[in-house]
Amino acid sequence: MWQWLWDASSFVCTTLRMTRETSLTVVMWLIPVYVLLTGASPSIVRAGIMGMIGLYAARRRLLKDGLHILSVAALVMLLWNPYFLVNVSFQLSFIVTAGLMIFVPKLMPLLSFLPRWLAGTVGITVVAQLISFPLTIYFFNQVSLISVLANLILVPIISLVVLPLGMLSLLVGWVWMRGAGWLAAVTEWLNQITFRVVEWMNGSSALMTLWPSPSLAWILCYFVVLYSLLSILKMRSKNCEGERIGSDDTVPLEGRVSLDSKRDLSGATGMFPLVDQWAGALRWRGFFRVSDYIERYAMRAAIVLLSGALVFLLYGGYQSPSMHGAGLVQFLDVGQGLYVYLC
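The subject of this paragraph is the environment of Val127. Inspection of the secondary structure puts Val127 in helix H6 (residues 116-139). Val127 gets classed as buried once you look at its relative accessible area, which sits at 1%. A C-alpha to C-alpha distance of 9.7 Å links Val127 and Val148, two positions 21 residues apart in sequence. With residues up to four places along the chain from it excluded, the contact list for Val127 reads Gly99, Leu100, Phe103, Val104 and Leu107.

The next thing to look at is the confidence of the model for the protein chain. Summing up the model confidence of the protein chain, the mean pLDDT is 78 and the portion of residues at 70 or higher is 73%. For the protein chain, the element scoring lowest by mean pLDDT is helix H10 (residues 259-266), at 42; helix H5 (residues 88-107) scores highest, at 91. Taken together, the stretch residues 253-270 has pLDDT below 50 and engages in 20 contacts with residues farther than four places along the chain or on a different chain.

Quick look at the side chain of Ser169 now. Relative to the assigned elements, Ser169 resides in helix H7 (residues 147-172). Within the structure, the side chain of Ser169 is placed 2.6 Å from the backbone oxygen of Gly166, a separation counted as a polar contact. The contact partners of Ser169, leaving out residues within four places of it in the chain, are Ala180, Leu183 and Ala184.

Attention shifts here to the nonpolar core. Counting residues in hydrophobic clusters, the biggest one holds 29 residues, and the most contacted among them are Ile131, Phe133, Trp218 and Tyr222. At the level of secondary structure, the elements contributing two or more residues to this core comprise H5, H6, helix H9 (216-246) and helix H12 (288-318). At nine residues, the largest contribution of residues to this core is made by H9. Excluding residues that lie within four positions of it along the chain, Ile131 makes contacts with Ile95, Val96, Gly99, Phe103, Phe223 and Leu226. Listed in part, the eleven residues of the second largest apolar core include Ile49, Met77, Phe90 and Phe94.

Spanning 19 residues, helix H3 (residues 42-60) covers 27 Å between terminal C-alpha atoms, matching the ideal 27 Å at 1.5 Å per step. Among the residues of H3, those classed as buried are Pro42, Ile44, Arg46, Ala47, Gly48, Ile49, Met50, Gly51, Gly54, Leu55, Ala57 and Ala58. Positioned one or two residues after H3, Arg61 has a phi angle of 55 degrees, which is positive.

The tally for this structure, following the rule as stated, stands at twelve aromatic pairs. When the ring of Phe139 is compared with that of Phe140, the centres are 6.5 Å apart and the planes differ by 55 degrees; the resulting orientation is tilted. What makes Phe139 partly exposed here is its relative accessible area of 28%. Relative to Phe223, the ring of Tyr222 has its centre 5.6 Å away and its plane inclined at 70 degrees; by these criteria the two rings are edge-to-face. A relative accessible area of 3% means that Tyr222 is categorised as buried. Connected via pairs of aromatic rings, a cluster forms that spans Phe133, Trp211, Trp218, Tyr222, Phe223 and Tyr318.

Taken together, the side chains of Leu149, Ile153, Ile157, Leu160 and Val161 define a hydrophobic patch exposed on the protein surface, amounting to about 440 Å² of accessible area. The residue Ile153 is located in helix H7 in this model. According to the relative accessible area criterion, Ile153 is partly exposed, its value standing at 47%.

The next subject is unusual backbone geometry. Even without glycine at this site, Asn141 takes up a positive phi of about 60 degrees. With respect to the secondary-structure elements, Asn141 resides in the loop between H6 and strand S1 (142-144). We classify Asn141 as partly exposed; its relative accessible area is 27%.

The terminal C-alpha atoms of helix H8 (residues 177-203) lie 38 Å apart, and with 27 residues this matches the ideal 39 Å at 1.5 Å per residue to within 8%. Taken residue by residue, H8 has Gly179, Ala180, Thr187, Leu190, Thr194 and Met201 as its buried positions. On its buried side, H8 packs onto H7 and strand S2 (208-210).

Reading the values: rules and limits
Residues numbered from 1 in each chain as written. Predicted model: local features only at pLDDT ≥ 70, side-chain atom pairs only at ≥ 80, totals over all residues. Heavy atoms only, no water. Helix = DSSP H or I, 4+ residues; strand = E, 2+ residues; numbered from the N terminus. Buried < 20%, exposed > 50% of the residue type's maximum accessible area, 1.4 Å probe, protein only. Contact = heavy atoms within 4.5 Å. pLDDT = per-residue confidence, 0-100. Polar contact = N/O pair within 3.5 Å; in protein donor to acceptor, adjacent residues only side chain to side chain. Core = buried A, V, L, I, M, F, W, Y, C linked by side-chain atoms within 4.5 Å. Expected span 1.5 Å × (residues − 1). Phe/Tyr/Trp six-rings, centres within 6.5 Å; stacked < 30°, edge-to-face > 60°. Patch = residues over 30% accessible without salt bridge, like charges linked within 9 Å, V, L, I, M, F, W, Y side chains within 5 Å. Areas by Shrake-Rupley, 256 points an atom, 1.4 Å probe, with all protein chains shown as cover. Salt bridge = Lys/Arg side-chain N within 4 Å of Asp/Glu carboxyl O.

Written out as C-alpha cells, the structure is:
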C-alpha cells in the first residue's frame, strides 16, 4: 500500500534535489494525511504507525526489526484505545502482519522454482490466507475455496491501479477538475468490476465452505503445527539444494561416500537434537545401520506426521463438535411472542 506513495514522494523529492533525510521526513509527514484520507481504520492506522517508525529508524540509521516495530505500533494503539484489542480488524491486521514476517521466509525456499516476482506475490498471498484462516472461521464461519486465486488477481489491481488512481484524482482535482473526473470515472469502473467479482464469489454456494467457530486451543495447535511443518519443509528444501550443489563436486577416489558425509547430506544433524543424540548413542554402540536409517528418514517422518496432524486439525475443526454437522432450531414461548434459538 505504501510502495506507490513512497515511489511518488521519492520521485518528487529527487526532482527537487532534496537529501535522503529530507525525503524520508517528507514521506513521514505524508503518511498521517494518507491515513486520514483512507478512513483511519485500525489496519490503516497500524500500517501508518509502522511506516512512520520504519522511516524514522531509516532516517536515524537505526536497526530496523519488523516485529519490534509491530509491537510498538500495537502498544501505541492500545494505549490510545484499549478496546482496539477486541476489534476484528485490529486482530486480523496485527496477526496477519506478524505471520507474514515469520512465515514468508520459511515458505519462500519452497517457491524457488517460480520467478522471483511471482514467488514473492504467491508467497505473501498464501501465507496471508493461512494465517488469517483461523480468525476468519472464528469470526465469520465461512471460507471461500478460491480466495487465494482471487487475492492473486484482485490485490495487485487494487494496490497498483485503483488506489493510485484515486489519490491522483484527488490531487488533480486541485488544478483540473475535468481531468480529475475522468480519473475518478476510471477508478469507479474498476471498483465496480472488483465488487462484481467479489459478489459472484460470495453468491456461489459451491465455492463457499461453512465452519464452526474453533476453540482457542485449536487455533494455537494450528499455528504450532503450521510453523513446525513449514520450518521442516524449508530445511528439507535447503538440504536438497545443498545436495544438488554437492553433486557437482569431485567424487572420492574410492567411489563411495563416507558415513559422515552421508549423515551431513541427510540433513538430520542439527535439526532434531534428541534424534541426533539417539542416533549417536546407537552408532556408539555399533548399530550403524539403524542409526543411518533414523537420520535419513527422521525429516520425512516428521513431515508426514505434521501433515497428518494438520489434516486432522482441519477435519476436526470442520466437523461440529456436538451435532456432527447438523443444526438445531428451538422455538421458545416468551409470553409476547416466539423466540427462535439457532445452534
